[in-house]
Structures are given as structure tokens and as C-alpha cells.
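Given next are the chains, with one letter for each unit.
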Amino acid sequence: MASDNIFSGLKVVDLASFIAGPSAAVILSDFGADVIKVEPPNGDLWRIGHKIPPQPQAKDPYPWHLANRNKRGITLDLKSPSASQVLEKLVKWADVLIVNTPHPARKKLKLEYDDVVQWNPRLIYADVTGFGEKGPDASLPGFDITAYWARSGLLSMTRDAGAPPTWPVAGSGDNATAVGLYSAIVTALYRRERTGKGSYVTTSLLAEGIWSASVSIQAALCEAKFFAPHDRKNPANAALNVYQAADGTWFVLIITPDKLAAVAKAIGRADLLTDPRFSDPAKLVTNMAQLTAILDEVFGAKPMAHWYEVFNGIHVTFGAVRGPQEVIDDPQLRANDIVVPLEGAGGKLTSTISSPIQVHDVAKQPARRAPDLGEHNEEVLKQLGFNASEIDSLRASGTVPKAKERAA
């Protein structure tokens, strides 16, 4: 690892599963942290995420590499009587421990903060839950789709009038939560630099969902009057709407008040500025559907390439709605190191998505494949101070099963 990277020398134990916790560890690894991924003997279920509909199907385990690149991997049966001796040495080695085991199970496994902090008072114990650590639903299992999207109110607001809630993009809430957990870890590390003390930091999918929906949730807190759910043909504001170009491309258009005149002239409809149906604010509200119909006709007459030039020419905010297969060809992704090469994963996994944080004059670590199940068992156990006979004993008891041979 580069000796001048921000987190070089920082030691992280990732005991979390699926996405949010592991992805926070990925961000740390991008800046040089040494991360050990700890899995149960049968592996993290996210190893087979690419086989679970409606996730896009692929031969290559792309979700696993995305959430676990740049890590070393070991297996550990936390239910084994001998597991505590391995866990103790991992905790003593670590600067950061990331956990997302539900608290009832965590308590049985003696994995709570009070259980492990005695081994390392300088430890940053990073905890991510579905619904928070307190309250009637603290022990409920939570995925981002339920805790981040549904419970937070986001899912009720991301649909058109009359439409039922749809299925959100899996992992989107998890990855937003990962950035929040990373921020909590870095905040605690800064505190430790100043005080020498470790910390117990936490966030939840629910808290991150509420933060994402905070403009609307704050409105509800002060009893604001909400508009009806968005209706594209009869919107609350035709200047903030979704339209379709002649080639079938949908685009989001945001016309701020200072851009109204420029847009009207650029699309060849300066007459709309003086049309009595729209020039008076009170009349505009009641005639919004008529204005939308006019704009539908205007925008539907030319392809997206035309509107791209028009909108760019007057510096108005817009965004073409693209699917994943189109997004990956966007030149902005590689120009800004959003998509980067991935080393060693094999198959068609030759590139991956970098974490969304850049520090000028600091190069991130090159992205390397995620570990095979138990790939670094012996290497890590030796580093923790176990001798050959102790390692054999841990294998024989099933505490640290022998790693499977890597496929050629």
C-alpha cells in the first residue's frame, strides 16, 4: 500500500454483511486502510447477490466485488467456543470494528460494544442497524428497501399520482448509509486523535432515509401543506416536470424563475410569457395542465440531441433519464474516476465503481478483487500471533474452517 495514503496503517475488521457496513469499509480501503473481512463458514449471502432476482443476472459475482474489494478475507464461526480467542486478537489488532449483527444475536455472541471494548479502549466500534438502537422496532431486521425507502417516507413520494409504490433500486439506501457510517468512523478517528479515546458510533438505514427525505419530513414537522402526488400531465409546476423528446428519450427539466424568459425564447415560444393563461400567477396555477400540454407538443417535436444543445446554450438544468446500460457509457464517469479499473476479478469484471469521495493530490488505492471465502485465513491468523498448532486446532474445531482452493 502507498505509504503516503490517508489511512495507511489504519486497521479495520469488517464483521458486517450485505452492503452498508462492508461498503463503509471499502471507502476506508480506497484510501489505504488494511481491511479484514470476517465471514461465517458458509460465507456472506451477498456473495450470491447476482443470482437473486430482481438483481440483474450475471455469471460474475459483481455485487460481492463492489462491496468487498481491496480486503483480505477470513472465515470465523462466532458460535464456536474457541471463537472468542480469535475475536479478541482481531479486536486488539483493529482500530475500527464494523458490525451489523442484530443486537439480540450480537448479545448472545458477546459482540456488543461493552464485550469488546475491554480488549481495546481505543477501538472505534461502528454499528449499523435497520431502525436504530432504541424504540419498539430496534430489534427488527431491516433492509434498505424496508427501512431506508419504505419506513422513511421516500417510497411514498417517488411515484406518480394514482400509481402504487414501486420496487426501489436495491442497494441505493445501503450505499447512502455506507457514506454516513464512513463519516461517523472518520469523525470518531478525529476525536481519538484529539483525546486518545475510542468511540461507539452508529447510524441506521432509517436515519439515513429520513435524512435523504428531510426536506419533506421537515415540512411535515411544521405542518406544511403538501401538494398532491406528482401528476406529470397536471403537475404542481410545469417548469419542474418530466418531458419526452421526439426520439422517445424522457428528460427531467428544472426551469428556475430567472430562466423562464430564456427558455421560452430558446424553444421558440416567447408568446407564453405574455399569454394571459400563464402570465398571471393565479391563472397559471389553474392552467398548469394546459401549459404542460403545450410543452409536451414542443419537446415532442425534436430529438434529445436538439434539446441538449438548446438547454446547454442557455445553461438551464436538465437531465436525460438513462438506464444502467446507457449510464456506463457516460464519458463523465471515467473522466472523473467514478468508474475505475478492477484488478484480478476475472470474467467480465474489469471495472468497478469508485467510492464518491475524492481528495485532491491523493491517489486512491487501485481497486483489487474481493477475497475468496476464507482466502487469507492462515495469513491473518499468523499475523494475529497464532502458531501452527493453534491454527490446526482452530481448523479442527471448525472455528476457522480451511479455505477452499481458488478456482484457476
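The sections below set out a description of the structure shown in this document. (Residues numbered from 1 in each chain as written. Predicted model: local features only at pLDDT ≥ 70, side-chain atom pairs only at ≥ 80, totals over all residues. Heavy atoms only, no water.)

### Details of unusual backbone geometry
The phi torsion of most residues other than glycine is negative, and most of the peptide bonds are trans. With omega at 5°, the peptide bond leading from Pro 53 into Pro 54 counts as cis. Along the chain, the position of Pro 54 falls in the loop between β2 (34–39) and α2 (62–68). Look at Lys 110: it is not a glycine, yet its phi comes out positive at around 55°. Looking at where Lys 110 falls in the secondary structure, it is placed in the loop between α4 (103–108) and α5 (113–116). (Helix = DSSP H or I, 4+ residues; strand = E, 2+ residues; numbered from the N terminus.)

### Overview of a nonpolar patch on the surface
A cluster of nonpolar side chains, contributed by Leu 240, Trp 250, Val 252, Ile 254 and Val 321, occupies part of the molecular surface with about 390 Å² of accessible area. In terms of residue count, strand β8 (residues 250–254) provides more of the nonpolar patch than any other element does, three residues in total. Position of Leu 240 relative to the elements: it lies in strand β7 (residues 240–244). Taking relative accessible area as the criterion, Leu 240 reaches 44% and is therefore assigned partly exposed. (Patch = residues over 30% accessible without salt bridge, like charges linked within 9 Å, V, L, I, M, F, W, Y side chains within 5 Å. Areas by Shrake-Rupley, 256 points an atom, 1.4 Å probe, with all protein chains shown as cover. Salt bridge = Lys/Arg side-chain N within 4 Å of Asp/Glu carboxyl O. Buried < 20%, exposed > 50% of the residue type's maximum accessible area, 1.4 Å probe, protein only.)

### A word on the packing of aromatic side chains
What the rule picks out here adds up to 16 aromatic pairs. Taken together, a centroid distance of 4.8 Å and an interplanar angle of 80° make the contact between Tyr 125 and Tyr 200 edge-to-face. Taken together, the positions of Tyr 125 in strand β5 (residues 124–129) and Tyr 200 in strand β6 (residues 199–204) put the pair 75 residues apart, joining distant regions of the chain. On the basis of relative accessible area, Tyr 200 is assigned to the partly exposed category, the value being 32%. Their ring planes at 90° and their centres at 5.0 Å tell us that Phe 299 and Trp 307 sit as a pair that is edge-to-face. An identical accessibility class is assigned to Phe 299 and Trp 307; each is buried. (Phe/Tyr/Trp six-rings, centres within 6.5 Å; stacked < 30°, edge-to-face > 60°.)

### Looking at the layout of surface pockets
Once rolled over the atoms, a probe with the size of a water molecule shows which space is left empty. Approximately 1,800 Å³ is the volume found for the largest pocket. Lining the largest pocket are 46 residues, and of these Tyr 62, Leu 66, Pro 324, Ile 328 and Ile 353 lie nearest its centre. Going through the elements one at a time, α1 (20–30), α2, α8 (172–195), α16 (324–327), α17 (331–335), β10 (339–343) and β11 (351–353) are the ones with two or more residues in the lining of the largest pocket. A breakdown of the residues in the lining of the largest pocket according to their chemical character gives 28 nonpolar, 13 polar and five charged. (1 Å grid on protein atoms, 1.4 Å probe; cavity = no way out; pocket = protein on both sides within 12 Å on 5 of 7 lines; lining within 4 Å. Points joined across faces, edges and corners; volume = space filled by probe spheres on them. Nonpolar A, V, L, I, M, F, W, Y, C, P; charged D, E, K, R; others polar.)

### As for the sheet that holds strand β1 (residues 11–14)
The strand order across the open sheet built from six strands is β3-β2-β1-β4-β5-β6, with neighbouring strands paired in parallel fashion. Edge positions in the sheet fall to β3 (71–75) and β6, since each of these pairs with one other strand and no more. Neighbour-to-neighbour, the strand axes of the sheet open up by a mean angle of 20°, direction not taken into account. Summarising the sheet, β1 and β2 pair through four bridges and their orientation is parallel. Opposite Lys 11, over in β2, you have Asp 34 as the bridge partner. This element, helix α9 (residues 205–212), spans β5 and β6 of the sheet and lies at about 60° to β6. (Pairing = 2+ DSSP bridges. Axes fitted to C-alpha atoms, helices over the stretch in contact; angles between N-to-C directions. Contact = heavy atoms within 4.5 Å.)

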